[in-house]
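What follows is each chain in one-letter form.
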Amino acid sequence: MSWSRRGMCVALATVPVFGCGFAPLYSEGSAARNLQGQIVVDTLEGRFGFDLRERLVTRLGPPTGAQFQLKIQTSTEEERRAVRADNTVSRFNLSVVARFQVIDRGTSAQVFEDTAQAFTAYSAVASAFATRQAEADAFGRLANTLADQIVLRLATTAEIWAT
């Protein structure tokens, strides 16, 4: 069997990963995997809140005998960019900050708290309808990004607070 230089480099590069105690985040019996179905996500207002909650429930699993509750407060900022000569705006930047807390439902104690933030942009186009659709799509992207960040932070810290 012949080894190319590239194949040898890849093989040698993976050896330290296996020797350092690396384990997959969602491996059998891990704290992150045990969170599946254990978190009730509070209802959030508006379309953005609905999209954020739906993505969180999809990623965390539907609650079945949930031990924890996830509370989220969001703040949104819209910045006008690319102002034309006639003083109309052709591009908007959106940023959302989500402060979230995990509450133990049995003791009502806060067990974890963190913040996630995301930003995106959308273009204002010729019609008002198309601009509103672009804005709605931008908020949908933000909801997905924030939900993914929140789930990742919960999963990577679960060993500390979900024991």
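Structure's up top.
An account of the accompanying structure is given in this report. These figures come from a predicted structure and were not determined experimentally.

Rules and cut-offs
- Residues numbered from 1 in each chain as written.
- Predicted model: local features only at pLDDT ≥ 70, side-chain atom pairs only at ≥ 80, totals over all residues.
- Heavy atoms only, no water.
- Core = buried A, V, L, I, M, F, W, Y, C linked by side-chain atoms within 4.5 Å.
- Buried < 20%, exposed > 50% of the residue type's maximum accessible area, 1.4 Å probe, protein only.
- Helix = DSSP H or I, 4+ residues; strand = E, 2+ residues; numbered from the N terminus.
- Contact = heavy atoms within 4.5 Å.
- Expected span 1.5 Å × (residues − 1).
- Arc of directions from axis to C-beta.
- Polar contact = N/O pair within 3.5 Å; in protein donor to acceptor, adjacent residues only side chain to side chain.
- Salt bridge = Lys/Arg side-chain N within 4 Å of Asp/Glu carboxyl O.
- Pairing = 2+ DSSP bridges.
- Bend = angle between axes of the 7 residues up to and from the residue.
- Axes fitted to C-alpha atoms, helices over the stretch in contact; angles between N-to-C directions.
- Parallel < 35°, antiparallel > 145°, perpendicular 65-115°, else oblique.
- Left-handed = near helix turned anticlockwise from the far one by under 90°.
- Nonpolar A, V, L, I, M, F, W, Y, C, P; charged D, E, K, R; others polar.

**Notes on the nonpolar core**
Formed by 35 residues in total, the largest nonpolar core has its most connected members in Leu52, Leu56, Leu70, Ile72, Ile150 and Leu154. Of all the secondary structure elements, the ones that give two or more residues to this core are strand 1 (39-41), helix 3 (46-60), strand 2 (68-83), strand 3 (89-104), strand 4 (110-123) and helix 4 (128-161). Among residues more than four places away in sequence, those in contact with leucine 154 are Leu35, Ile39, Leu60, Leu70, Phe100, Val102, Phe112 and Trp161.

**Considerations on helix 3**
Given 3.6 residues per helical turn, the α-helix brings residues three or four places apart onto the same face. Its 15 residues give helix 3 an end-to-end C-alpha distance of 21 Å, which sits within 8% of 21 Å, the value for a rise of 1.5 Å per residue. All of the buried residues along helix 3 are Phe48, Gly49, Asp51, Leu52, Leu56 and Leu60. Taken down its axis, helix 3 places every buried residue within 165° of arc, on the same side. Exposed and oriented more than 90 degrees from the buried face of helix 3 are Arg47 and Thr58.

**Overview of the environment of tryptophan 161**
Along the polypeptide, tryptophan 161 turns up in helix 4. The exposure class assigned to tryptophan 161 is buried, which follows from its relative accessible area of 7%. Each C-alpha atom of the pair tryptophan 161 and valine 102 lies 9.1 Å from the other, and the pair is 59 residues apart in sequence. Dropping the residues within four chain positions of it, tryptophan 161 is found in contact with Leu35, Ile39, Phe68, Val102, Val111, Phe112 and Leu154. At 2.9 Å, the side chain of tryptophan 161 forms a polar contact with the side chain of threonine 157.

**Quick look at the pattern of salt bridges**
A full pass over the atoms with the stated rule returns eight salt bridges. Glutamate 113 is the salt-bridge partner of arginine 99, the closest N and O atoms lying 2.2 Å from each other. One end of the pair, arginine 99, is in strand 3; the other, glutamate 113, is in strand 4, with 14 residues separating them in the sequence. Given a relative accessible area of 34%, arginine 99 falls into the partly exposed group. The partner of arginine 132 in a salt bridge is glutamate 135, with the nearest N and O atoms 2.8 Å apart. Here arginine 132 pairs with glutamate 135, and both are found in helix 4, just three residues apart, close to one helical turn. The network of salt bridges with shared partners includes Arg55, Arg59 and Asp148.

**Let's talk about unusual backbone geometry**
Excluding glycine, most residues fall at negative phi; most peptide bonds, likewise, are trans. Although it is not a glycine, serine 108 adopts a positive phi angle of roughly 60°. Assignment of secondary structure puts serine 108 in the loop between strand 3 and strand 4.

**Some points on the pairing of strand 4**
Where strand 3 and strand 4 come together, 13 bridges link them in antiparallel fashion. Residue phenylalanine 100 lies in a different strand from strand 4, and its bridge partner there is aspartate 114. Two successive antiparallel strands, strand 3 and strand 4, enclose a turn made up of five residues, where serine 108 displays a positive phi of approximately 60°.

**A short note on helix 4**
Between its terminal C-alpha atoms helix 4 stretches 47 Å, which fits the 50 Å expected from 34 residues at 1.5 Å a residue. Most pronounced at alanine 155, the bend in helix 4 amounts to some 35°.

**Points about the packing of helix 3 against helix 4**
Angle between the axes and distance between the axes: these two values describe a pair of packed helices. Where helix 3 meets helix 4, the axes come as close as 8 Å, and the angle between the chain directions of the two elements is 40°. It follows from the interaxial angle that helix 3 and helix 4 lie oblique. Note that helix 3 runs across helix 4; the crossing there is right-handed. Here Phe48, Asp51, Leu52, Arg55, Leu56, Arg59 and Leu60 of helix 3 lie close against helix 4, whose contacting residues are Phe139, Gly140, Leu142, Ala143, Asn144, Leu146, Ala147, Asp148, Ile150, Val151 and Leu154. For the contact of helix 3 with helix 4, a count of residues per class yields twelve nonpolar, two polar and four charged.

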